[in-house]
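A closer look at the structure
The primary structure of each chain is shown beneath.
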Amino acid sequence: MERDGYFSRKKEVAPLESAFNDLLKAYRLEGKFREKSLVHDWVDLVGKTIADRTTSVFIRDKKLFVKLSSGPIKKELLMNKSKVLTLIYEKYGNGVIEDLICL
C-alpha cells in the first residue's frame, strides 16, 4: 500500500538541506527551528557591541525579549527597533516574531 504526502518514502536522492526542510515540515517544527536559530544568531544579527551587553535573549508568544545590561544600548536598540525587525524578517521570514521588547 503506497501513500502520498510527507510520510511516504522518496526514491530519488535529495540534498541534505532539502531533506532537512522536508523533515521540519513533516513534524511541523519550522517555526520553532527558526526561533532557535534567531536566538542563536543574535550576535551576528546585532553585532558584537550590543551582543556583549546582552544578558539574555528569548522568544515567547512571537515576541523577542532582549535583556540588556546597558541603558544607552537599550535606548539605541529601541530607537532602531524597526531596523532590527526588518533584518529579522529578511533573514528568518515573516511570522517568526512580531515585536521586540527590551528589558
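Up top is the structure these notes are about.
Counting starts from 1 at the beginning of each chain's written sequence and moves along it residue by residue. Whole-chain, interface and lining totals are the exception, using all residues; otherwise, since this is a predicted model, local features are given only for residues with pLDDT of at least 70 and side-chain atom pairs are given and counted only at 80 or more. Each side-chain value is derived from all of the structure's non-hydrogen atoms; neither hydrogens nor water enter the calculation.

A short note on helix H6 (residues 81-92)
Taking 1.5 Å per residue as the helical rise, H6 with its 12 residues ought to reach 16 Å, and the 16 Å between its terminal C-alpha atoms agrees with that figure. Among the residues of H6, Val-84, Leu-85, Ile-88 and Tyr-92 are the ones counted as buried. Each buried residue of H6 lies within a common arc of 100 degrees when the element is viewed along its axis, so the set occupies one face. Exposed residues lying more than 90 degrees from the buried face of H6 are Ser-82, Lys-83 and Glu-90. Where the residues of H6 are buried, they touch helix H2 (30-40), helix H3 (42-46), strand E2 (63-68), helix H5 (71-79) and strand E3 (99-102). Remark: Gly-93 follows H6 within two positions and exhibits a positive phi of approximately 90 degrees. Secondary structure is summarised from DSSP: a helix means a run of H or I of at least four residues, a strand means a run of E of at least two, and numbering begins at the N terminus for each. To estimate how far a helix should extend, the number of its residues minus one is multiplied by 1.5 Å. Residue exposure (1.4 Å probe, protein chains only): buried if accessible area is under 20% of the type maximum, exposed if over 50%, otherwise partly exposed. What the arc covers is the set of directions going from the helix axis to the C-beta atoms. Contacts are assigned to residue pairs that have any heavy atoms within 4.5 Å of one another.

Just geometry here; none of it tells us what the structure is for.
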